[in-house]
Amino acid sequence: MKLWAGRAGGDVDDRLSAINNSIGFDSRMYRQDITGSIAHAKMLGRQGIISEEDAAAIVEGLKGILADIESGALQIDMTCEDIHTFVEATLTQRIGDAGKRLHTARSRNDQVALDIRMFLADEIDRLTALAKDMIAALCEAAEKHLETVMPGYTHLQRAQPITLAHWLMAYAQMLLRDIDRLSDCKKRTLVLPLGSGALAGTTYPLDREYVARQLGFNGISLNSLDGVSDRDFALELLSALSILMMHLSRFSEEICLWCSWEFRFVTLSDSFSTGSSIMPQKKNPDITELVRGKTGRVYGDLMALLTAMKALPLAYNKDMQEDKEALFDAIDTADLSLSVLAPMLRTAVFHPEAMRQAAAAGFINATDCADYMVKKGVPFRDAYGVVGRLVKYCIDRGTTLEALPLAEYRDFSLVFDEDVYAAIDLLTCVRQRNLPGGPAPEAVQATIEATRKKLENG
Ligand code: ARG
């Protein structure tokens, strides 16, 4: 039985139901649908639009339905058109005629807009908690590796010395911005569309502000056409999640690289890596490859909804039913990715010696060597030229700046002295980069503390 069976005569074709029904996915919003209806019914009673007794019966009935779904006593009927139909039909079965009054002054168009906003606000809170846990895991690892020198790269070429802590905290900053974007998007999500009706509002004297307050919304929508057809908040969430996944995929890519024998900067715990069915020596970073791969799904979800919304005339169109699967998929993917990366990171073992070796063999202290000459009065451009020749000389002889004897340094310039070795010591080079935001251990420690403070306050 369809809610709209009055207008159309006869049964609908199964193939219509197959494309039209949304209960297969929108049943996920049962809690929001029921909670929203409770607020609506209370307001109808308060405003005298339905009797207080009917309102009370509806509220009790809805509470019972919610409890029964949650306990498993009531199964959602997957042959219904959508979750709204199921809840209303079940309510009427249980409490009789009063149930039929619930939908007074409401349309499924403003109802579904309400449900999805409530659902997304809840999911934003959950995803924020997961992202915070990942940031906490990054801070924990960073604190252990404040002095673990490694090469920083540009163009994937060893460039200048940094520490593992500095690298980890870069990702923490990205995730902090992701959390910010989620909370910003939540503000615009919590705007109440109920009262927009099908598209043109309603003649009943609703108290929209009262409903908004009951549901914890920030305010009400100010145009009924926009109220039922706005999905910007959903697109904002998909954009925020796409950016979040982009960050996770960059992190994942680096972990994949670092697990290779060419790098060997990290070993993942056995419980967070897989093997090969044919190559006994293999231990694969499947998790990070999957997160990298799943990023594409979330971008796809964003593009799917952007494309569905493009050029839609006002107001509600059934195209908009397509919002939910894209949103659910993106939310589930971000949830899964954050949930698995945090414990993977907490159980991973980093290899400071391998990082240090890579740093030493990379001439990443060449800039510092040039700066040493500058401090002794050589113009930077000249120092740059001398150190360039020195590096070439070392490469030709298979040695490093640290190991080159002073006599050979002095063949290039007489400003070199014993103190050059202290100046180009990798940890010294890192320690000297101690501006706020730099890789020096105390600068990174300050970043860790500032990050933790944001986690507490945000
Ligand atoms: N299942 C629909 C959706 O997700 C609910 C709104 C239906 N409205 C309508 N006029 N058929 O968008």
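Nothing here was measured: the structure is a model prediction, and the numbers come from that model.

A word on the overall build of the chain. Each helix and strand counted, the chain has 20 helices and 8 strands in total. For the chain, whose C-alpha radius of gyration is 30 Å, the value lies well above the compact-globule estimate of 23 Å for 458 residues. For the chain, the C-alpha atoms occupy an extent of roughly 100 × 50 × 40 Å along the three principal directions. For the chain, the proportion of its 458 residues judged to be buried stands at 50%. Partitioning the intrachain contacts of the chain with sequence separation of at least 6 by distance along the chain shows that 76% fall at a separation of at least 24. Summed over its atoms, the accessible surface of the chain is roughly 21,500 Å², and 54% of this surface lies on carbon and sulfur atoms. In the chain, the 50 positive side-chain charges and the 63 negative ones have mean positions that sit 2 Å from each other.

For the bond running from Leu314 to Ala315, omega is 0 degrees, close enough to zero to count as cis. Note on placement: Ala315 falls in the loop between α12 (286-309) and α13 (323-347). Its identity as a non-glycine residue notwithstanding, Ala105 has a phi of 60 degrees, on the positive side. Position of Ala105 relative to the elements: it lies in the loop between α6 (97-100) and α7 (108-144).

Turning next to the site of the ligand. Close to the ligand lie Ser22, Asp26, Asp82, His84, Arg108, Asn109, Val112, Tyr316, Lys318, Gln321 and Lys324, which account for all nearby residues. Asn109 places a polar side-chain atom, nitrogen or oxygen, 2.9 Å from a nitrogen atom of the ligand. Tyr316 places a polar side-chain atom, nitrogen or oxygen, 2.4 Å from an oxygen atom of the ligand. Contact with the protein chains covers 86% of the free accessible surface of the ligand, which is 340 Å². Top element by residues in the shell around the ligand is α7. It accounts for 3 residues.

So, about the packing of helix α3 (residues 30-46) against helix α4 (residues 52-71). Axis angle and axis distance: for two packed helices, these are the angle between their axes and the distance between the axes, and together they describe the pair. Two elements in contact, α3 and α4, have axes separated by 8 Å at closest approach and are oriented at 170 degrees. Classified by the interaxial angle, the pair formed by α3 and α4 is roughly antiparallel. Packed against α3, whose contacting residues are Tyr30, Arg31, Ile34, Ser37, Ile38, Ala41, Lys42, Gly45 and Arg46, the element α4 presents Glu52, Ala55, Ile58, Val59, Leu62, Lys63, Ile65, Leu66, Ile69 and Glu70 at the interface. When the residues that make up the contact of α3 with α4 are grouped by side-chain class, the tally is 11 nonpolar, 2 polar and 6 charged.

This paragraph deals with the side chain of His40. Here His40 shows up in helix α3. Polar side-chain contacts of His40 include one of 2.9 Å to the backbone oxygen of Thr104. When neighbours within four sequence positions are excluded, His40 is seen to be in contact with Leu102, Thr104, Ala105, Arg106 and Leu194.

It is worth spelling out the packing of aromatic side chains at this point. Inspection of the entire model under this criterion finds 14 aromatic pairs. Arranged with centres 4.2 Å apart and planes meeting at 35 degrees, the rings of Trp167 and Trp258 form a pair that is tilted. Residue Trp167 is found in helix α8 (residues 164-189), and its partner Trp258 is found in helix α11 (residues 232-259); the two are separated by 91 residues along the sequence. Pair check on accessibility: Trp167 and Trp258 agree, each one buried. With a centroid separation of 5.2 Å and an interplanar angle of 90 degrees, the aromatic rings of Phe263 and Phe265 are classed as edge-to-face.

This part covers the pattern of salt bridges. Following the criterion strictly, the structure yields 29 salt bridges and no others. Residue Arg28 is joined to Asp332 by a salt bridge in which the shortest nitrogen-to-oxygen separation is 2.9 Å. Of the two residues, Arg28 sits in the loop between α2 (23-26) and α3 while Asp332 sits in helix α13, which places them 304 residues apart along the sequence. Classification of Asp332 by relative accessible area gives partly exposed; the value is 33%. Put simply, Arg108 and Asp82 hold a salt bridge, and the shortest N to O gap is 2.6 Å. Of this pair, Arg108 sits in helix α7 while Asp82 sits in the loop between α4 and α5 (83-95), and the two are 26 residues apart along the sequence. Here the salt bridges do not stand alone but share partners, grouping Asp184, Lys187, Arg188 and Glu236 into one network.

This brings us to the nonpolar core. Counting residues in each nonpolar core, the largest one holds 74 residues, and the members touching the most others are Trp167, Leu241, Phe251 and Trp258. With 14 residues, the top contributor of residues to this core is α7. Leu74, Leu192, Leu194 and Ala212 belong to the second largest nonpolar core, which has 39 residues in total.

Attention now moves to the pairing of strand β1 (residues 149-154). With 6 bridges joining them, β1 and strand β2 (residues 157-163) adopt antiparallel strand pairing. Looking across to β2, one finds that Pro151 is bridged to Pro161. Counting the residues that bridge the hairpin from β1 to β2 gives 2 residues, and of these His155 lies at a positive phi of roughly 55 degrees.

Where nonpolar side chains cluster on the molecular surface, the patch consists of Leu199, Leu225 and Leu314 and spans about 270 Å² of accessible area. As for its position among the elements, Leu199 is in the loop between β3 (191-192) and α9 (208-214). Under the relative-accessibility criterion, Leu199 is labelled partly exposed at 40%.

Once that is clear, we can look at the environment of Met246. Summarising the element assignment, Met246 is placed in helix α11. Relative accessible area serves as the criterion here: at 27%, Met246 is assigned to the partly exposed category. It is 23 Å that separates the C-alpha atoms of Met246 and Arg452, two residues lying 206 residues apart in sequence.

Take the environment of Val415 next. Relative to the helices and strands, Val415 resides in the loop between α17 (406-412) and α18 (420-423). In the structure, Val415 is positioned 39 residues away from Lys376 in sequence and 6.6 Å away in space, judged by C-alpha atoms.

Among the structural elements, Ser17 can be located in helix α1 (residues 14-20). Ser17 sits 187 residues away from Tyr204 along the chain, and the two C-alpha atoms are 32 Å apart.

Rules used in this analysis
Position labels on residues start from 1 in each chain and follow its written sequence. Under the rules for a predicted model, residues below a pLDDT of 70 receive no local features and side-chain atom pairs below 80 are neither given nor counted, while totals for whole chains, interfaces and linings still include all residues. Processing note: side-chain calculations cover all non-hydrogen atoms of the structure and skip hydrogens and water entirely. Helical segments are the DSSP runs of H or I of at least four residues, strand segments are the runs of E of at least two, and each set is numbered from the N terminus. Throughout, radius of gyration means the C-alpha value; the globule benchmark is 2.2 Å times the number of residues raised to the power 0.38. Each residue is placed in one exposure class: buried if its accessible area under a 1.4 Å probe, protein chains only, is under 20% of its type's maximum, exposed if it is over 50%, and partly exposed if it falls in between. Should any heavy atoms of two residues lie within 4.5 Å, those residues are considered in contact. Values of accessible area rely on a 1.4 Å probe in the Shrake-Rupley scheme; residue burial ignores everything except the protein chains shown. We treat Lys and Arg as the positive residues and Asp and Glu as the negative residues; His and chain ends play no part in the count. Charge coordinates come from a single atom per side chain, which is NZ of Lys, CZ of Arg, CG of Asp or CD of Glu. For this purpose, a residue is taken to be near a molecule or strand whenever a single non-hydrogen atom of the residue falls within 4 Å of it. Under the rule applied, a polar contact is a pair of N or O atoms within 3.5 Å (in protein, one hydrogen donor and one hydrogen acceptor; residues adjacent in sequence only if both atoms are side-chain atoms). Angles here are taken between N-to-C directions and fall from 0 to 180 degrees, while the axes themselves are lines fitted to C-alpha atoms, restricted in helices to the stretch in contact. The labels follow the angle: roughly parallel below 35 degrees, roughly antiparallel above 145, roughly perpendicular from 65 to 115, and oblique for the rest. By the convention adopted, Pro, Cys, Tyr, Trp, Phe, Met, Ile, Leu, Val and Ala count as nonpolar, Lys, Arg, Asp and Glu as charged, and the other residues, Gly among them, as polar. Working definition: rings of Phe, Tyr and Trp (its six-membered ring) pair if their centres are within 6.5 Å, and the pair is stacked with planes under 30 degrees apart, edge-to-face with planes over 60 apart, and tilted otherwise. We define a salt bridge as a side-chain nitrogen of Lys or Arg found within 4 Å of a carboxyl oxygen belonging to Asp or Glu. What we call a nonpolar core is a set of buried Ala, Val, Leu, Ile, Met, Phe, Trp, Tyr and Cys residues that are connected through their side-chain atoms within 4.5 Å. Here, a strand pair is defined by DSSP locating no fewer than two bridges between the strands. Like charges within 9 Å and nonpolar side chains (Val, Leu, Ile, Met, Phe, Trp, Tyr) within 5 Å are joined into patches, using only residues over 30% in relative accessible area that form no salt bridge.

The values are spatial; any link to function lies outside them.
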